[in-house]
Amino acid sequence: MPDGTDESATSDDAARAFAALRRMVDTGRLPADGRLPTERELAAEFGVGRRAVRRAIERLQAEGLVWRRQGKGTFLGQPPDPAALMAAHAAPEADPLSVMEARLVVEPGLAALCAARADAEDVARLRDLAARTNQAAGTSQAELWDGALHRLIARIAGNPVLLTTFAFLDEVRLEAGWQETRARARNADALALYECQHAEIVDAIAAGDGDRAERAMRTHLTALRDRMRAAGA
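Residues numbered from 1 in each chain as written. Predicted model: local features only at pLDDT ≥ 70, side-chain atom pairs only at ≥ 80, totals over all residues. Heavy atoms only, no water.

Right, let's get into the environment of P79. Structurally, P79 can be placed in the loop between β2 (73-76) and α4 (83-90). Between the C-alpha atom of P79 and that of V66, which follows or precedes it by 13 residues, the distance is 8.0 Å. Contact partners of P79, with chain neighbours within four places excluded, come to W67, R151 and R155. (Helix = DSSP H or I, 4+ residues; strand = E, 2+ residues; numbered from the N terminus. Contact = heavy atoms within 4.5 Å.)

See the structure below:
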């Protein structure tokens, strides 16, 4: 096995590590919190040096598929807003339907702003996250990618006040009550519907049509709220 401090990792090593990491992400071979194994563990599993693994992770990070937190590791999706730390205290008191009510107020506006400010690279990242949500291997993976998609829309919108508000709402996704209700609201019909709705949201953003993006997001969140209500939220 290559040395853990290998400084002569070839492009082939990095490419092999990248392909292996993409397979790991695509097949959902990760814990519920989306945390990747350490660089040392990945290097041992892939048979390459840590430098090659680091390059592969940096490429995934540039694509917006993972984020890194110093001292904590590398995780799927987009990084949480710092305000989420404050939101963690309020989230346990918020029932899922109250959160959906608030999301319906905030996120359609974020989608409209995103449509006004997204560039071609942003749209490509949104399409990739939507595809990963649709192709997720299980409920927890689908929720991770779905959260990353909505979080990226909020970030592209570029309004720090609204982003902070979104972070409070997004934090509830980590709560067991939300996860359980969301899982009950997912079935084949729902997943097909959400796939179409995500595509409509991203298409509207790509077209720069704020009104259409706002309507599409409201339609999507209304459908989710109604299914969560029917699931006993």
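Soluble globular proteins: nonpolar side chains tend toward being buried together. Ranked by size, the top nonpolar core spans 50 residues in total, and within it L21, F46, L126 and I205 carry the most contacts. Leave out the neighbours within four places in its chain, and L21 touches L36, L42, F46, A56, I57 and L60. Listed in part, the 9 residues of the second largest apolar core include V99, L110, A157 and L163. (Core = buried A, V, L, I, M, F, W, Y, C linked by side-chain atoms within 4.5 Å. Buried < 20%, exposed > 50% of the residue type's maximum accessible area, 1.4 Å probe, protein only.)

When strand β1 (residues 66-69) meets β2, the two strands line up antiparallel, connected through 4 bridges. Its bridge partner lying in β2, W67 is registered against F75. In this structure, the hairpin formed by β1 and β2 is closed by a connection of 3 residues, where G71 is found at a positive phi of approximately 80°. (Pairing = 2+ DSSP bridges.)

Here we come to the packing of aromatic side chains. A full pass over the atoms with the stated rule returns 1 aromatic pair. Ring centres 5.0 Å apart and planes at 25° place the aromatic pair W67 and F75 in the stacked group. Using a relative accessible area of 13% as the deciding quantity, one classes F75 as buried. The lysine or arginine in question, R132, covers the ring of W145, its NZ or CZ lying 5.5 Å from the ring centre. (Phe/Tyr/Trp six-rings, centres within 6.5 Å; stacked < 30°, edge-to-face > 60°. Lys NZ or Arg CZ within 6 Å of the ring centre and 35° of its normal.)

When two helices pack together, their arrangement is given by the angle between the helix axes and by the axis-to-axis distance. Viewed as axis vectors pointing N to C, helix α2 (residues 39-46) and helix α3 (residues 50-62) meet at an angle of 110°, and their least axial separation amounts to 9 Å. Judged on the interaxial angle alone, α3 and α2 are roughly perpendicular. From α2, E39, R40, L42, A43 and F46 reach across to α3, where they touch R50, V53, R54 and I57. (Axes fitted to C-alpha atoms, helices over the stretch in contact; angles between N-to-C directions. Parallel < 35°, antiparallel > 145°, perpendicular 65-115°, else oblique.)

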